[in-house]
Amino acid sequence: MPVERRGLERILFWLYEGFGTGPYLFRWVLLAIDAAAVAFFLWAPFQDRTQAYYILDVLIALFIALDFGARFWISRPRHMFLINPFNLADIVVLISLLLPMFFSNFAFLRILRALRLVRAFTFLRRMKNISSYLRENAEIIDRVVNLLVFILIMTAFVYGTQLEANEHINSYLDALYFTIASLTTTGYGDIVLQGVFGKLLSIFIMVLGISLFLRLVQAIVRPSKVTSECTRCGLLRHEPDAIHCKHCGEFIRLPTHNE
């Protein structure tokens, strides 16, 4: 049974899920604000706490809370919204913004602000329905975003956990350098993470990082499959030059750039 939406809820649903110039611009504005917030999180996670810093924290927290509330309001069913990992990441980021303002012991939570990067996934998923370029290059773009998000989040964890414990980690650039060296399995050995947690984090970066990197290379080198449902067996993904479905042999008509 279709959900009847009225008033503000209907407007918000149109902006977040609808089509047209209005929703398109609205989502790009959200992405721009998210990008600015993440840049702030990465630039000053452990800088001196000034009044301007706390004002920016409050403004970003207000933006995330309003965005979260709007998406929760228009979602159906709402309980599924609360268990979505992308939405749970927003809750974690909100906690990381608010608790350190009142309790200094929770300052370590600032490294979790990098989780705001996962919002790029939901943005790109929505934009694929509007942008033909994003739709045609969806596989490569998804894997580029996967890799970038992983690198930045791991860099934030390395920086946050090793800044005071490791004499070789003195800046965000040092943490980024270590993350990239581990991800590519180069292993120069000039920076080594300290402690049991440091070793486990290094293993995690190497194992998962190289997997994401190889998947990206594979997506670039190997032609992406085309999405077109077979009328007989329902297979969705086909080779770009396919004439018949490789599962059942049915003739298929793949979409072209002119369609």
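Numbering of residues starts from 1 in every chain and runs along the sequence as written. At least 70 in pLDDT is required for a residue's local features to be given in this predicted model, at least 80 for side-chain atom pairs to be given and counted, and no such filter applies to totals for whole chains, interfaces and linings, which use all residues. Hydrogens and water molecules were not included; the side-chain quantities draw on all heavy atoms of the structure.

Moving on, we get to the overall build of the protein. A helix here means a DSSP run of H or I that spans at least four residues, while a strand means a run of E at least two residues long, and both kinds are numbered starting from the N terminus. Summing up its helical and strand segments, the protein has ten helices and two strands in all. Starting at the N terminus and walking to the C terminus, you meet the elements of the protein as α-α-α-α-α-α-α-α-α-α-β-β. Each residue gets one of three labels from its accessible area relative to the maximum for its type: buried under 20%, exposed over 50%, partly exposed in between, using a 1.4 Å probe on protein chains only. For the protein, the proportion of its 259 residues judged to be buried stands at 38%. Contact criterion: two residues are considered in contact whenever any of their non-hydrogen atoms come within 4.5 Å of each other. Contacts in the protein between residues at least 24 apart in sequence constitute 52% of all its contacts with a sequence separation of at least 6. Roughly 15400 Å² of accessible area belongs to the protein as shown, and the carbon and sulfur atoms make up 66% of that amount. Reported accessibility uses the Shrake-Rupley method at a 1.4 Å probe radius. Residues are deemed covered only where the shown protein chains occlude them.

Here the aromatic set is Phe, Tyr and Trp, taking the six-membered ring for Trp, and pairing holds for ring centres within 6.5 Å; pairs whose planes are under 30 degrees apart are stacked, those over 60 apart are edge-to-face, and all others are tilted. Taken as a whole and assessed by the stated rule, the structure comprises five aromatic pairs. Here Tyr16 and Phe26 contribute two aromatic rings whose centre-to-centre distance is 5.1 Å and whose plane-to-plane angle is 75 degrees, an arrangement assigned as edge-to-face. Here Phe26 lies in helix α2 (residues 21–43) and Tyr16 lies in helix α1 (residues 7–17), a separation of ten residues in the sequence. The class for Phe26 is partly exposed, based on a relative accessible area of 22%. These aromatic residues form a ring-pair network of at least three members: Phe68, Phe72 and Phe81. Charge over a ring is defined by NZ of Lys or CZ of Arg lying within 6 Å of the ring centre and within 35 degrees of the ring normal. Over the ring of Phe72 we find Arg78; its NZ or CZ atom is 5.7 Å from the centre of that ring.

On to the pattern of salt bridges, then. Just to be clear on terms, a salt bridge is a Lys or Arg side-chain nitrogen sitting within 4 Å of an Asp or Glu carboxyl oxygen. For the structure on display, the rule yields two salt bridges. Of the charged contacts in the structure, one is a salt bridge between Glu9 and Arg76, with a shortest N-O distance of 2.5 Å. Of the two residues, Glu9 sits in helix α1 while Arg76 sits in the loop between α3 (51–74) and α4 (78–82), which places them 67 residues apart along the sequence. You can call Glu9 buried: its relative accessible area is 8%. What makes Arg76 partly exposed here is its relative accessible area of 36%. With a closest N to O distance of 3.1 Å, Arg71 and Asp67 form a salt bridge. Here Asp67 and Arg71 lie together in helix α3, a separation of four residues that amounts to about one turn. Accessibility expressed as a relative area gives 4% for Arg71, which makes it buried. Look at Asp67 and you get buried, because its relative accessible area is 3%.

A cis geometry characterises the amide bond from Arg76 onward to Pro77, with omega recorded as -10 degrees. Structurally, Pro77 can be placed in the loop between α3 and α4.

With that settled, the discussion passes to the nonpolar core. Residue types Ala, Val, Leu, Ile, Met, Phe, Trp, Tyr and Cys, when buried and joined through side-chain atoms within 4.5 Å, form a set referred to as a nonpolar core. Grouped together as the largest cluster of nonpolar side chains are 21 residues, with contacts concentrated most on Val158 and Ile205. Contact partners of Ile205, with chain neighbours within four places excluded, come to Phe150, Met154, Val158, Phe178, Thr179, Ser182, Leu183 and Ile210. One finds Phe41, Ile60, Ile74 and Val93 within the second-largest nonpolar core, a separate group that totals 16 residues.

What follows concerns α1. Of all the positions in α1, only Glu9, Leu12, Leu15 and Tyr16 are classed as buried. One side of α1 holds all its buried residues, which, seen down the axis, span an arc of 130 degrees. Relevant arc is that of directions from the helix axis to the C-beta atoms, nothing else.

Next up on the list: the state of the cysteines. To count as a disulfide, a pair of cysteine sulfur atoms needs to be within 2.5 Å. Counted according to the given criterion, the structure contains zero disulfides. Here Cys233 stays free of any disulfide, with the sulfur of Cys245 as its closest cysteine sulfur at 3.6 Å. On the basis of relative accessibility, which here comes to 3%, the residue Cys245 falls in the buried class.

We now examine a nonpolar patch on the surface. Grouping into patches uses exposed residues only, defined as over 30% relative accessible area, and leaves out salt-bridged ones; the cut-off is 9 Å for like charges and 5 Å for nonpolar side chains (Val, Leu, Ile, Met, Phe, Trp, Tyr). Together, Val196, Leu200, Ile203, Met206 and Val207 make up a nonpolar patch on the protein surface, roughly 470 Å² of accessible area in all. For Met206, the location among the structural elements is in helix α10 (residues 195–221).

What follows concerns the side chain of Ser75. With respect to the helices and strands, the residue Ser75 is situated in the loop between α3 and α4. Throughout this description, a polar contact denotes any pair of N or O atoms lying within 3.5 Å of each other; where both atoms belong to protein, one of them has to be capable of donating a hydrogen while the other can accept it, and for residues adjacent in sequence the pair is counted only when both atoms sit in side chains. Within the structure, the side chain of Ser75 is placed 2.8 Å from the backbone oxygen of Phe72, a separation counted as a polar contact.

Turning to the confidence of the model for the protein, a few remarks are in order. Averaged over every residue, the pLDDT of the protein is 76; the share at 70 or more is 76%. On a scale of 0 to 100, pLDDT captures the predictor's confidence in every residue. Confidence, read as mean pLDDT per element, is least for helix α6 (residues 119–127) in the protein (61) and greatest for helix α9 (residues 172–183) (87).

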